Amino acid sequence: MYKFKYSHPLPTHGTEGVEVPANTDAAKVASELLDKLSKTLGAGDAKSFADLFLEHGVWRDRPAFTWDYRTFNFKERILTAATDLLPSTPIKDIKILSPGAKVERPYPDLSYVQVNFSFATDKLTASAVANLILTPSLGWRIWTLATIIESLINFPELPDRDGHMTGPHSWHDQRRLDADAFEEVDPEVLIIGGGQGGLMNAARLKALGVNALIIERNARIGDNWRGRYEALSLHFPYWGDHFPYFEYPKHWPTYCPAGKIGDWFEWYASAMELLVWTSSSVTNASQDTEGKWTIEVSRNGKKRTFHPKQLIMATSLAGVPYSPTIPGRAEFKGTVRHSTTHDSSREWVGKRVLVVGTSSSGFDTAYDFARRGIDVTLLQRSPTYIMSLTNSVPRMLGLFAPVDGKRPDLEVADRLANALPVGPGEEFGLRLSAQLTELDYDLLKGMEDRGFKTWRGQRGTGTQTLGYTKNGGFYFDAGACEQIINGNIKVEQGWIDHLTQDKVILNGNREEHFDLIILATGFSNTIDSIRATLGDDIASRVKPIWGMDEEGELNSAWRSDIGVPNMWLSVGTLMASRFHSQKIALRIKPRLEGISGEPYLK
């Protein structure tokens, strides 16, 4: 579901903009902008504020003004939002923020000045990133502006505690007692799921003094990673995947093995002293007409009913494993399993294997078989977007990459990575996709020569749109492509029509013999995970989760209004979870303290 409707070409030289002169003083441009913003925002002057923008300028708020994730596309919409928001949001203390101001020249036909600054309202502090275009007749105008909440003025993060043993219990015993205390008292926030979303939200809330409990169905934190196939490593370098308050140590593997990540999860929960109930699951959930929760949890077979003030669902990036219905599966004498239950290729040496699906897990699984010399075929039904790590990583993750062994400031990198609105992001995605297609020509040509179908993603934007809609459909080549090109992984197009006792019949009546079928067919919608956990009544009220709305924000992920009051959806990658967990916590704390503004829904 992709409803975004405000696409507009980049303000290239000769269109809305002119080239920024080589001798431009970016600091002076920034100072003049901040002077204008101080006057307009300080006075609540919506008209003057909107006049600072290009006609096709974009203002994205997360959520310093709106208490939600909103994007206002084009000058008319910016004026409407500013008219509603500025009178009730007094702005002060506008200051340049590191890394300050600089001229950006991403392409020969596009240049702009980027300005980082901070400001405060009566309730919060925020950062902002403005990209300014030099126009032919009006001087500098804002192309994009992102305003991002950073802290609460009256509720800062807690200082470090002393740590000395002052009571009768050791540190380990106190940790156990703190978790067991929830047998008698309710947490302010109940977090369902102990993956990256659950852990990072709990850490953010703890730092704000919020009492939160994580409910995790596995026996140990990290088992959601330990239980995957043994060959799994993260598909991107660790650079952007650090946890809040704890970066990975030096000499961390660039592409971290899944088992190691699982252990890190467990260590993080302990180091941050997060309160977790493992081997626990929700058995019943309901909400009354006033939005008050009743959550029944089974912990090691013992039932406990909670009444939290806020609920965070952090159970899944997607939904539940999806396995297509295959006629004849019950009679098939071979083995059929979903990729989530597959562990290793070791026991299948000398056998024939079919992997169904060509997203990341399909490629990883096929590669694991191929490297042991096992006869493996990859069955592809629809095209896949393919990128080499060599060319994609520097261009997609460059903000987080170490330079001469020195890591960048994560707060700065997160701010910049999340500042660009979807409309301009799409236009950059179009260019990046075209650039990567050219750079990866030999790789893509080799794949296509072997019968593999590639494409450049929806709207030709590569991962830009695929990530928002399918949460997949792409592969960063970690070695499987070479195996396909070399013929060690065979490729077939189509689907399984049906199975017999000893044969796999593909569409077109193609008959094959396989001993093992791996269904790397992905997951259902995230709503299925919510339904399985909270029941039909709650799930039926949740708005669509993934997919883009008309103005350029995900429908419900990380949003303030998801259709169910006092409930939040924390989904996404490690990198996304680090950024958005802070923004969720900075909205939950004001609600608990009774100072939150109402989400702007107009």
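Residues numbered from 1 in each chain as written. Predicted model: local features only at pLDDT ≥ 70, side-chain atom pairs only at ≥ 80, totals over all residues. Heavy atoms only, no water.

Caption draft 1: Inspection of the packing of aromatic side chains at higher detail. Evaluation of the coordinates by the stated rule reveals 30 aromatic pairs. Ring plane angle 25° and centroid distance 6.1 Å describe the contact between Tyr 107 and Phe 428, whose orientation is recorded as stacked. Note that Tyr 107 is positioned in strand S3 (residues 92-107) and Phe 428 in helix H11 (residues 422-439), a separation of 321 residues in sequence. According to the relative accessible area criterion, Phe 428 is buried, its value standing at 16%. Judged by centre distance (5.3 Å) and plane angle (70°), the rings of Phe 243 and Phe 265 are edge-to-face. Separated by 22 residues along the polypeptide, Phe 243 in the loop between helix H6 (223-226) and helix H7 (258-271) and Phe 265 in helix H7 bring together distant segments of the chain. No difference in accessibility class separates Phe 243 from Phe 265, as the two residues are buried. An aromatic cluster of three or more residues is present, and its members are Trp 225, Tyr 238, Phe 243, Phe 246, Tyr 248, Trp 252, Trp 264, Phe 265, Trp 267 and Tyr 268. In this structure, Arg 381 packs its charged tip against the face of Trp 495, placed 4.8 Å from the ring centre. A cation over a ring is seen here: Arg 431 above Tyr 107, with NZ or CZ 4.7 Å from the ring centre. (Phe/Tyr/Trp six-rings, centres within 6.5 Å; stacked < 30°, edge-to-face > 60°. Helix = DSSP H or I, 4+ residues; strand = E, 2+ residues; numbered from the N terminus. Buried < 20%, exposed > 50% of the residue type's maximum accessible area, 1.4 Å probe, protein only. Lys NZ or Arg CZ within 6 Å of the ring centre and 35° of its normal.)

Caption draft 2: Structural context of the sheet that holds strand S9 (residues 276-277). Pairing is parallel in the open sheet, where five strands are placed in the order S9-S8-S7-S13-S24. Edge strands, defined here as strands with exactly one partner in the open sheet, are S9 and strand S24 (567-569). Taken together, the two bridges between strand S8 (residues 212-215) and S9 define a ladder with parallel strand orientation. Looking at S9, one finds that Ile 215 is bridged to Trp 277. Running over the sheet, helix H5 (residues 196-207) touches strand S7 (189-192), S8 and strand S13 (310-313) and is turned about 160° from S7. Strands S7, S13 and S24 of the sheet are contacted by helix H15 (residues 526-534), whose axis makes an angle of about 130° with S13. (Pairing = 2+ DSSP bridges. Contact = heavy atoms within 4.5 Å. Axes fitted to C-alpha atoms, helices over the stretch in contact; angles between N-to-C directions.)

Caption draft 3: The nonpolar core, seen in detail. Grouped together as the largest cluster of nonpolar side chains are 141 residues, with contacts concentrated most on Phe 49, Trp 59, Phe 117, Leu 274, Ile 530 and Met 567. Those residues in contact with Phe 49 that lie beyond four places of it in its chain are Leu 37, Thr 40, Leu 41, Trp 59, Ile 78, Ala 82, Leu 86 and Leu 145. If you look at the next biggest cluster of nonpolar residues, it comprises 24 residues, including Val 353, Ala 366, Ala 370 and Tyr 475. (Core = buried A, V, L, I, M, F, W, Y, C linked by side-chain atoms within 4.5 Å.)

Caption draft 4: Highlighting the environment of Thr 83. Mapped onto the secondary structure, Thr 83 falls in helix H3 (residues 75-85). Judged by its relative accessible area of 44%, Thr 83 is partly exposed. Expressed as a C-alpha distance, the spacing of Thr 83 and Phe 49, which sit 34 residues apart in the sequence, is 9.5 Å.

Caption draft 5: Focus on the side chain of Thr 135. In this structure, Thr 135 sits in strand S5 (residues 124-135). We classify Thr 135 as buried; its relative accessible area is 9%. In terms of polar contacts, Thr 135 uses its side chain to reach the backbone amide nitrogen of Leu 138, at 2.9 Å. Not counting residues within four places of it along the chain, the set of residues in contact with Thr 135 comprises Glu 16, Val 18, Leu 54 and Arg 141. (Polar contact = N/O pair within 3.5 Å; in protein donor to acceptor, adjacent residues only side chain to side chain.)

Caption draft 6: A look at helix H9 (residues 389-396). The complete set of buried residues in H9 reads Leu 389, Asn 391, Ser 392 and Val 393. Looking at the buried residues of H9, the elements they touch are strand S17 (385-388), H11 and strand S18 (474-477).

Caption draft 7: Just helix H8 (residues 360-370), in detail. Where burial is concerned, most of H8 is hidden: ten out of the eleven residues are buried. Considered for burial, the residues of H8 that qualify are Ser 360, Ser 361, Gly 362, Phe 363, Asp 364, Thr 365, Ala 366, Asp 368, Phe 369 and Ala 370.

Caption draft 8: Structural detail: the packing of H5 against helix H17 (residues 574-593). Two numbers describe how H5 lies on H17: the axes approach to 8 Å, and their chain directions differ by 40°. Classified by the interaxial angle, the pair formed by H5 and H17 is oblique. Read as a crossing pair, H5 and H17 show a hand that is right-handed. Each of Gln 196, Gly 197, Met 200, Asn 201, Arg 204 and Leu 205 in H5 lies in contact with H17, whose residues at this interface are Leu 574, Ser 577, Arg 578, Ser 581, Gln 582, Ile 584, Ala 585 and Ile 588. (Parallel < 35°, antiparallel > 145°, perpendicular 65-115°, else oblique. Left-handed = near helix turned anticlockwise from the far one by under 90°.)

Caption draft 9: View of the environment of Leu 444. Here Leu 444 shows up in helix H12 (residues 441-449). Residue classification places Leu 444 among the buried positions, given a relative accessible area of 9%. Residues Leu 444 and Cys 481, spaced 37 residues apart in sequence, show a C-alpha to C-alpha distance of 8.9 Å. In contact with Leu 444, other than residues within four places in its own chain, are Ile 386, Thr 437 and Thr 454.

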